[in-house]
Structure formats: structure tokens, C-alpha cells
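# Chain and residue survey
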Amino acid sequence: MLSGINALIVRVRDRDELFRESCRVAVEAGGFRASMIAIMDRSAMTIVPVAWAGMDEGLLSAIKAMLSSSESAPNTMIARAMRDKKAVASNASQGDAQLLLGKKHAEAGVRSLAVLPLVVSNEAVGVLALHASESEFFHEAEMKLLSELAGDIAFAIDHIEKQERLNYLAYYDVLTGLANRTLFLER
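Structure report, in brief. (Residues numbered from 1 in each chain as written. Predicted model: local features only at pLDDT ≥ 70, side-chain atom pairs only at ≥ 80, totals over all residues. Heavy atoms only, no water.)

### Description of the overall build of the protein
Note the following rule: Secondary structure elements are taken from DSSP: a helix is a run of H or I of four residues or more, a strand is a run of E of two residues or more, and numbering for both begins at the N terminus. Buried, partly exposed and exposed residues are distinguished by accessible area as a fraction of the type maximum, computed with a 1.4 Å probe on protein chains only: under 20%, between the cut-offs, and over 50%, respectively. Two residues qualify as a contact provided that any one of their heavy atoms is within 4.5 Å of a heavy atom in the partner residue. We treat Lys and Arg as the positive residues and Asp and Glu as the negative residues; His and chain ends play no part in the count. Charged groups are reduced to one reference atom each: NZ for lysine, CZ for arginine, CG for aspartic acid, CD for glutamic acid.
Within the protein one finds seven helices and five strands. Traced from its N-terminal end to its C-terminal end, the protein shows the element sequence α-α-β-β-α-α-β-α-β-β-α-α. The dimensions of the protein, computed from C-alpha atoms along their principal axes, are 65 × 40 × 30 Å. Looking at the protein residue by residue over its 187 residues, the buried ones come to 43%. The long-range share in the protein, meaning contacts at least 24 apart out of those at least 6 apart in sequence, stands at 51%. Where the 20 positive side-chain charges of the protein centre and where its 24 negative ones centre are 3 Å apart.

### Looking at the nonpolar core
Note the threshold: What makes a nonpolar core is a set of buried Ala, Val, Leu, Ile, Met, Phe, Trp, Tyr and Cys residues whose side-chain atoms join them at distances within 4.5 Å.
Residues L18, L118 and F138 are the most contacted members of the largest nonpolar core, which totals 33 residues. Contributions of two or more residues to this core are made by α1 (2-11), α2 (15-28), β1 (34-41), β2 (46-53), β4 (112-120), β5 (123-132) and α6 (140-171). Residue contributions to this core peak at nine residues, all from α6. Not counting residues within four places of it along the chain, the set of residues in contact with L18 comprises L8, I9, V12, I153, A156, I157 and I160. In this structure, L60, M77, A124 and V127 belong to the second largest nonpolar core, which totals 27 residues.

### So, helix α3 (residues 57-68)
Quick reminder of the rule: The length a helix should cover is 1.5 Å for every residue beyond the first. In protein, a polar contact means a hydrogen-donor-capable atom and an acceptor-capable atom, both N or O and within 3.5 Å, with residues adjacent in sequence counting only if both atoms are side-chain atoms; elsewhere, any N or O pair within 3.5 Å suffices.
Given a rise of 1.5 Å per residue, twelve residues ought to cover 16 Å, and the 16 Å separating the end C-alpha atoms of α3 matches this to within 8%. In the core, the buried residues of α3 are packed alongside β1, β2, α4 (77-84) and α5 (102-107). Of the residues that open α3, the one with a side-chain oxygen 3.2 Å from the backbone nitrogen of G58 is D56.

### Let's talk about unusual backbone geometry
The phi dihedral of K85 falls on the positive side, at around 55°, and the residue is not glycine. Tracing the sequence through the fold places K85 in the loop between α4 and β3 (88-90). Classification of K85 as partly exposed rests on a relative accessible area of 35%. Although it is not a glycine, S121 sits at a positive phi angle of roughly 50°. With respect to the secondary-structure elements, S121 resides in the loop between β4 and β5.

Set out below in C-alpha cells:
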């Protein structure tokens, strides 16, 4: 899974494709039951799921509803991982008090859950959530590897953002936002 996502990082130039394909690789090559990437929407100050694979529709809609609620969202594992910039894991979905949707996860066949922050420039911009079918799945060595994987995805996010900014600066004036000489001559 690690090599598949790293190969993806080298090849992909679009954030949406990076997120979608990372989730797909986590499920297909990593053997996870489901995976999801959620990003902080700065304009609305909410966490929004942007890509997922293998996710049960009932669970996904429950997660979206919880993240859009101003009351329950700050108490989620996703919000805690972003706030603390540290990975959070639950190895028993039904009996763990930190997992607010434990019953929904259990109904979807999820027994363990890990939420890994995507940290760019010392700021958590999102999370990678991995769902496993087995209880007690996420151990220290596993979490270390998965944290490295989240770091690689965060590096790709940073690289894509910088590339987009560079492309913008190549064709538009910073001060006015109008097309510069290069773009004018091309057109």
C-alpha cells in the first residue's frame, strides 16, 4: 500500500485524483475495509469528507452529518486528530467511548479505526481515516508506518498547492490578477 500511494504521489498532479486514488489503494492494496480523506473547509470552518472507498453509505452519511454539526463535530476523533496533529486509533469500535458512531461502525463491519492527520506547514489540513474489519488492528508499529504514509500524502498536497501557485504566477500579475505579458502573447 505504501509503495502504491508513493507511486501515485509521483504521478498525480490533481488533489481530487490524489485523494480518490489514495483511498482506493488503501482499500485494494492495503486490505482495509474502508478509507476516507476529509479536508478542513476554511470558509465554512467545517471538516468535509472529499474522498472515500469501500465506505458503507449509511456510515458515510452519518459521518457527514456528524461533521457538519457544530455540536458533535469538535468531539469526533477526526477533529481531535486535526487539533492535536497526532494520530488517533480505536481498536474496539463498539465499546470505545471516543468513537461517537461506534454502533454505526459495528453495523458496517468496522472493528478498528485509525485517524491520521495530514499536516502541511505545521497545520493540519485534513485527515486520512482507515477502517479495519479486525479488532485490535492498529498497533504501535502499524501506526508508525501509517503516520509516515499520511506524511507522504501531506507532502503531495503541499507540492500540488505550490505547483498551482507557480502556474498562476507564471501567467497572472500578482497585484492585479490580470493576465501578464506571457499569457497575453500566447492568447
